[in-house]
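Read off the chains here:
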Amino acid sequence: MNLVATIIAIASLLSMVLALVSFWLPQMTPDYEKLSPYECGFDPLGSARLPFSLRFFLIAILFLLFDLEIALLLPLPWGDQLASPLTSFLWATLVLALLTLGLIYEWAQDGLEWAE
């Protein structure tokens, strides 16, 4: 058996053993203290399970998307040194147009509004 197959077999066996042990080891009847939120040793003042606004997560994801877009478009000025600079320009234009259409759609659906 070669080295890669041995490593894959050991990793698979180890992960299966650890997954099985993780199901058998935990305590099956958790008590009230384990289920209560921890606030520096004090009794909790309110509910720790406050609902979050989904609009906040939508705006955070849109921010990450456009941040990634900037990172992908940063090497664009060096694209003119390629054999076909028009191809890299067209791809960048396509990416920008697609993201702009997505932003217009979100804006039209009032997905960027904070107030509900």
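This structure is a prediction, so every number in the text was calculated from the model and none was measured. (Residues numbered from 1 in each chain as written. Predicted model: local features only at pLDDT ≥ 70, side-chain atom pairs only at ≥ 80, totals over all residues. Heavy atoms only, no water.)

1. Topic: the UniProt feature "transmembrane region" (unreviewed entry) in the chain
In the UniProt entry, the feature "transmembrane region" (unreviewed entry) is given for residues 52–76 and 88–108. End C-alpha to end C-alpha, residues 52–76 measures 38 Å, and it is 80% helix and 0% strand. Annotated as 100% helix and 0% strand, the span residues 88–108 places its first and last C-alpha atoms 30 Å apart. (UniProt positions renumbered as here; feature names shortened; annotations may be inferred. Helix = DSSP H or I, 4+ residues; strand = E, 2+ residues; numbered from the N terminus.)

2. A short note on a nonpolar patch on the surface
The grouping of Leu 13, Met 16, Val 17, Leu 20, Val 21, Phe 23, Trp 24 and Leu 25 at the surface amounts to a nonpolar patch, some 920 Å² of accessible area in total. Along the chain, the position of Leu 13 falls in helix α1 (residues 3–24). (Patch = residues over 30% accessible without salt bridge, like charges linked within 9 Å, V, L, I, M, F, W, Y side chains within 5 Å. Areas by Shrake-Rupley, 256 points an atom, 1.4 Å probe, with all protein chains shown as cover. Salt bridge = Lys/Arg side-chain N within 4 Å of Asp/Glu carboxyl O.)

3. Focus: the packing of helix α3 (residues 54–73) against helix α4 (residues 85–108)
Contact pair α3 / α4: the axes reach a minimum separation of 11 Å and the direction vectors enclose 165°. Taken as axis vectors, α3 and α4 run roughly antiparallel relative to one another. With respect to the hand of their crossing, α3 and α4 are arranged in left-handed fashion. Within the contact between the two elements, α3 uses Leu 58, Leu 62, Leu 65, Phe 66, Glu 69 and Leu 73 and α4 uses Ala 92, Leu 96, Leu 99, Leu 103 and Glu 106. When grouped by side-chain class, the residues that make up the contact of α3 with α4 number 9 nonpolar, no polar and 2 charged. (Axes fitted to C-alpha atoms, helices over the stretch in contact; angles between N-to-C directions. Parallel < 35°, antiparallel > 145°, perpendicular 65-115°, else oblique. Left-handed = near helix turned anticlockwise from the far one by under 90°. Contact = heavy atoms within 4.5 Å. Nonpolar A, V, L, I, M, F, W, Y, C, P; charged D, E, K, R; others polar.)

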